[in-house]
Amino acid sequence: MLENYLPILVFVIVGILFGCVALLGSKIVSKITRVNNPNPEKNSPYECGFEAFEEARTRFDVRFYLVAILFIVFDLEVAFLFPWAVVIRKLGWAPFIAMGIFLLLLVVGFIYEWKKGALEWE
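As for the packing of aromatic side chains
Stage number 1. All chains considered together, the criterion is met by four aromatic pairs.
Stage number 2. Considering the side-chain rings of Phe110 and Trp114, the 5.9 Å spacing of their centres and the 55° angle between planes classify their relative orientation as tilted. Pair noted here: Phe110 and Trp114 are both in helix H5 (residues 93-116), with a separation of four residues, about one helical turn.
Stage number 3. On the basis of relative accessible area, Trp114 is assigned to the exposed category, the value being 54%.
Stage number 4. Members of the aromatic cluster, connected to one another through ring pairs, are Phe74, Phe110 and Trp114.

A word on the environment of Val35
Stage number 1. Within the element layout of this structure, Val35 appears in the loop between helix H1 (2-33) and helix H2 (40-43).
Stage number 2. A residue is classified by how much of its surface remains accessible, and Val35, at 70% relative accessible area, is exposed.
Stage number 3. Between the alpha carbons of Val35 and Met1 there is a distance of 54 Å; along the sequence they are 34 residues apart.

Reading guide: rules and limits
- Residue positions are counted from 1 within each chain, in the order its sequence is given.
- Under the rules for a predicted model, residues below a pLDDT of 70 receive no local features and side-chain atom pairs below 80 are neither given nor counted, while totals for whole chains, interfaces and linings still include all residues.
- Working from all heavy atoms in the structure, the side-chain values ignore hydrogens and water.
- Under the pairing criterion, centres of Phe, Tyr and Trp rings, with the six-membered ring standing for Trp, must be within 6.5 Å; the plane angle then separates stacked pairs below 30 degrees from edge-to-face pairs above 60, leaving the rest tilted.
- Labels follow the DSSP assignment, with helices taken as runs of H or I lasting at least four residues and strands as runs of E lasting at least two, numbered in each case from the N terminus.
- Three exposure classes are used, based on accessible area relative to the maximum for each residue type with a 1.4 Å probe and protein chains only: buried under 20%, partly exposed in between, and exposed over 50%.

Have a look at this one:
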């Protein structure tokens, strides 16, 4: 039984070792090759090319979150709909019903966005 899992264990160990060696190697190379040349212009805080005019801890408008939710709704719909549409004839009724439930949930999210006013651009 153990011989079935031994290649997987070896693969995981090699992957972890490779990651650790790459991480340590990059740290060593960056310490050797880095140029420490501080400049007040480089170390100054910036926001889009000019000095910040507000504090960084201000609250975002709720419309930002609504637009983010709207993006996720449409992004998920497209990401899951295309592969499903390619093989729909081979799947049968159970996946068809599952995708119908999924699309229904996305429509509910879309209606929520619509009611909250995320689609009204000002």
